[in-house]
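# Working through the structure, step by step
So the chains spell out like this:
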Amino acid sequence: MEKAIIGKKVGMTQIFDEAGKVIPVTVIQAGPCTVVQKKTVEKDGYAAVQLGFEEVPEKKLSKPEAGHSKKAGKCLRVLKEFKLDKADELNVGDQLTATVFAPGDRVDITGISKGHGYQGAVKRCGGHVQKKVHRHSGSMGSSTDPSRIFKGHNGAGQMGNEQVTVINLDVVQVDEELGVIAVRGAVPGPRGGVVALRTSTKKIAVKQAAEGSGRVNPQKQSARVNPQKASARNK
């Protein structure tokens, strides 16, 4: 079942599992989110729900935004649409909390990366500092043909401040009382940035060895037998 929620990045920390191993996690204040709009196949051609997050005073929204959010009974600043399998079961005004996800779930998280402003070619694209051109890009190609620079070439420009999606992160903990979700690994964006969580689109196939196959890999150390050892001669 596909699930989704909007949240706010709190920051990173580390927790310990039952075996005592350290797990680096990102703490996300997930929800509460309110269903602001419901889209159906008959009316819109597809099934989806629009979730609203972060209630604000009405004066902080434009009149069209406030009028749209008031259908759910609240003035919400952040609106995001999600195509879910069971979107038909949700209605306008319903609330979603952090408990929609459970430990062990895999999620894709989308956020706006940290903005670094206008940066040079070395910091923005990597590479070595050359003596003749210092921290500039250097030569970019011939002049006669094609007489231009192809798009996407390394160079100076705006760095960061773009939408980034990190896929297949696993949920480590869910705190119902505080409404937070702890996700293993890093999440794009600064502290306080808005992020969207949804069920991961990546499927992981778990390989299981057939019972009684009796296969032995001769390359493994455990399969090698030294005939010079006494333990091997006594067998």
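One can find the structure itself at the top, above this paragraph.
Before going into details, it helps to say that this report is about the structure given with it. (Residues numbered from 1 in each chain as written. Predicted model: local features only at pLDDT ≥ 70, side-chain atom pairs only at ≥ 80, totals over all residues. Heavy atoms only, no water.)

### So, the packing of aromatic side chains
The tally for this structure, following the rule as stated, stands at zero aromatic pairs. Just above the ring of Tyr46 sits the side chain of Lys83; from NZ or CZ to the centre is 4.9 Å. (Phe/Tyr/Trp six-rings, centres within 6.5 Å; stacked < 30°, edge-to-face > 60°. Lys NZ or Arg CZ within 6 Å of the ring centre and 35° of its normal.)

### Quick notes on the pattern of salt bridges
Pairing between side chains becomes possible if they bear opposite charge and their charged atoms approach one another. Considering all chains together, one arrives at seven salt bridges under this definition. Here Asp105 and Lys3 are joined by a salt bridge, their closest N and O atoms 2.9 Å apart. Taken together, the positions of Asp105 in the loop between β6 (95-96) and β7 (106-112) and Lys3 in the segment before β1 (4-16) put the pair 102 residues apart, joining distant regions of the chain. Salt bridges linked by common partners bring Lys8, Glu54 and Arg77 together as one network. (Salt bridge = Lys/Arg side-chain N within 4 Å of Asp/Glu carboxyl O. Helix = DSSP H or I, 4+ residues; strand = E, 2+ residues; numbered from the N terminus.)

### Some details on unusual backbone geometry
The peptide bond linking Gly31 to Pro32 adopts the cis configuration, its omega dihedral lying at -5°. Along the chain, Pro32 turns up in the loop between β2 (22-30) and β3 (33-39). Here Asp145 and Pro146 are connected by a cis peptide whose omega angle stands at 15°. The backbone of Glu54 shows a phi angle near 70°, a positive value even though the residue is not glycine.

### A closer look at the environment of Thr97
Relative to the assigned elements, Thr97 resides in the loop between β6 and β7. On the basis of relative accessibility, which here comes to 36%, the residue Thr97 falls in the partly exposed class. Along the backbone, Thr97 and Ile6 are 91 residues apart, and their C-alpha atoms lie at a distance of 9.3 Å. Thr97 has contacts with Ile5 and Pro32, leaving out every residue within four places of it along the chain. (Buried < 20%, exposed > 50% of the residue type's maximum accessible area, 1.4 Å probe, protein only. Contact = heavy atoms within 4.5 Å.)

### Remarks on the sheet that holds strand β5 (residues 76-82)
Here four strands make up an open sheet; going across it, the order is β5-β4-β3-β6 and the pairing antiparallel. Strand pairing shows two members of the sheet lacking a second neighbour, β5 and β6, which therefore form its edges. As paired elements, β3 and strand β4 (residues 48-55) share five bridges and run antiparallel to each other. Across the sheet, residue Val35 finds its bridge partner in β4, namely Leu51. (Pairing = 2+ DSSP bridges.)

### Topic: the environment of Val187
When you line up the elements, Val187 lands in the loop between β11 (180-184) and β12 (194-199). Between the C-alpha atoms of Val187 and Val27, which are 160 residues apart in sequence, the distance is 9.3 Å. Once residues within four sequence positions are removed from consideration, Val187 is found in contact with Lys9, Thr26, Ile28, Ile109, Leu169 and Val195.

### Here's the deal with the pairing of β4
With six of its eight residues buried, β4 lies for the most part within the structure. Where β4 meets β5, six bridges bridge the pair, whose relative direction is antiparallel. In the strand pairing of β5, Val49 is matched with Phe82.

### Examining the side chain of Ser200
By the secondary structure assignment, Ser200 is in the loop between β12 and α4 (230-233). Aside from chain neighbours lying at most four places away, what touches Ser200 is Arg106, Val107, Asp108 and Asn168.

### A closer look at the side chain of Lys39
The residue Lys39 is located in strand β3 in this model. A polar atom in the side chain of Lys39 sits 3.2 Å from the side chain of Tyr46. One polar contact links Lys39 to Glu81, side chain to side chain, over a distance of 3.1 Å. Beyond its immediate stretch of four places on either side in the chain, Lys39 contacts Asp44, Tyr46, Ala47, Ala48 and Glu81. (Polar contact = N/O pair within 3.5 Å; in protein donor to acceptor, adjacent residues only side chain to side chain.)

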